[in-house]
Amino acid sequence: MKEKPTQISQLILDSASKWGIEINSGSPLFTLFSVLILLGVCWLAFKITRRLFSGKLARLILATKATWDDELQRHHFFRRGAHLVPGVLLYVLCPLLFAHAPLLLALLQKLAFIYILLTTVMVMSAVLNTIEDIYDSSRLAQRVPITGFIQVGKLTLALIAIILIVSNLLEKSPVLIMSGLGAAAAILLLVFRDTILGFVAGVQIVANRMVNNGDWIELPKYGADGTVLELGLTTVKVRNWDNTISTVPTYALIGDSVKNWRGMQESGGRRIKRAINIDIQSVRFCDQDMLDNWEKIRFIKDYISEKKRELAKYNQDNSITEQDLLNARRLTNIGTFRAYMVRYLQNHPKINQDMTLMVRQLAPTELGLPLEIYCFSADKNWVNYEGIQSDIFDHLLAMLPSFGLRAYQRVSDRPPMQ
């Protein structure tokens, strides 16, 4: 039984008759005319929509005070959305023009569905990019990065689109398609191994605040030592201090040794831990002349006076004369120098006095007797920190002769330069 032409089909037939072209709804020429008209209408609708989004709407968006619409515009949300109009028109108008050609109708509707689906994925991708950029500009982004979750969202959209496309082409239920994927699970696990591991690692990293964007991390295994630029689903980008970029698998932050310097950056200071090796042969008891000279040093003036009174009282209480060198208590030059180091650091304006501060004597070695400084610089900037540390040791090394001490230096067998 011959189907009755639709109103649009009849309109095309009547227009063709006016031009002297005698066709019917089942002829190939009518089908050709219908396809050309349909494509022309879709193209015209796309051009009008795109011009609208690129013209007045774009100027209106840029004129508003809100930033989210500017980000949508920058990520081409509206330009991509314009592609939905021709796709929807193609899908809606096909039954009105090609009811007489079921095969062609099914083909065009499948193509329209795929076009709409891919456009939707692109539009949603622009939305996710916008969310990521707006979030990255907030303070919370430094604590909880969401780049990995955004990438998971994009991947999920792509997988859903693929399943729906295959379901549409095969005319099978998406549930049936997904159940059939069980047979290919091993292959999918192999293909998406890094993605799965990266996603699981990303959840743990974000949940435990292990690494954030902007953190200074060290991964010796991968030669990475610098600032985290991007914490992604499968990779982490690190800008090293020589301005090279290291790309590290995300799951490496869970499975390998990682040093994160965020604790130092968030604390009140950066640690100084370095020793001066003292020549043991220069260590000796102090005589009265040495004590008199050291009393002129303002940092230890009170210390020397207090120690002299303490030792005099001890020797007097125990009936020990100053000539009894074996039993009398006496100050040493290295102990006095250690006291000077402590008081020098306590009066240093660039040392955090609220954090641990001490000078300790380590076990002697073949390289001398180490006097180690352990304190924290108030300035955590790398360049300033190195300058503060160097200034401290410049001063202390220069003060060694004043206390009758020498820094240990290995003697070379080579003859001195002339």
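Above this text sits the structure in question.
Residues numbered from 1 in each chain as written. Predicted model: local features only at pLDDT ≥ 70, side-chain atom pairs only at ≥ 80, totals over all residues. Heavy atoms only, no water.

*Asks:* I would appreciate a short explanation of the sheet that holds strand S8 (residues 369-377) in the present structure.
*Replies:* In space, the three strands of this open sheet follow the order S6-S8-S7, with antiparallel pairing throughout. Edge positions in the open sheet fall to strand S6 (270-278) and strand S7 (358-361), since each of these has one partner strand only. With strand direction ignored, the average angle separating the axes of adjacent strands in the sheet is 20 degrees. As judged from the four bridges shared by S7 and S8, these two strands associate in the antiparallel manner. Within S8, the residue paired with Met 358 across the bridge is Tyr 374. The strands that helix H16 (residues 333-346) touches are S6, S7 and S8; relative to S8, the one it contacts most, it runs at about 10 degrees. (Pairing = 2+ DSSP bridges. Helix = DSSP H or I, 4+ residues; strand = E, 2+ residues; numbered from the N terminus. Axes fitted to C-alpha atoms, helices over the stretch in contact; angles between N-to-C directions. Contact = heavy atoms within 4.5 Å.)

*Asks:* Explain the environment of Gly 223 here, please?
*Replies:* Of note, Gly 223 is situated in the loop between strand S1 (216-219) and strand S2 (224-231). Remark: the alpha-carbon pair of Gly 223 and Thr 247, spanning 24 residues in sequence, is separated by 9.8 Å. The contact partners of Gly 223, leaving out residues within four places of it in the chain, are Asn 240 and Ser 246.

*Asks:* In this structure, what is going on with the packing of aromatic side chains? I would like to understand it.
*Replies:* In this description, a pair of aromatic rings is defined by centroid distance and the angle of the planes. As enumerated under the stated definition, the model contains 12 aromatic pairs in all. Ring centres of Phe 77 and Phe 78 lie 5.1 Å apart, and the angle between their planes is 85 degrees; this geometry places the pair in the edge-to-face category. With relative accessibility at 15%, the residue Phe 78 sits in the buried group. Among the aromatic residues, ring-to-ring pairing joins Trp 294, Phe 299, Phe 337, Tyr 340, Tyr 344 and Phe 403 into one connected group. Stacked on the ring of Trp 261, the Lys or Arg Arg 270 has its end atom at 5.8 Å from the ring centre. A cation over a ring is seen here: Arg 274 above Phe 393, with NZ or CZ 5.5 Å from the ring centre. (Phe/Tyr/Trp six-rings, centres within 6.5 Å; stacked < 30°, edge-to-face > 60°. Buried < 20%, exposed > 50% of the residue type's maximum accessible area, 1.4 Å probe, protein only. Lys NZ or Arg CZ within 6 Å of the ring centre and 35° of its normal.)

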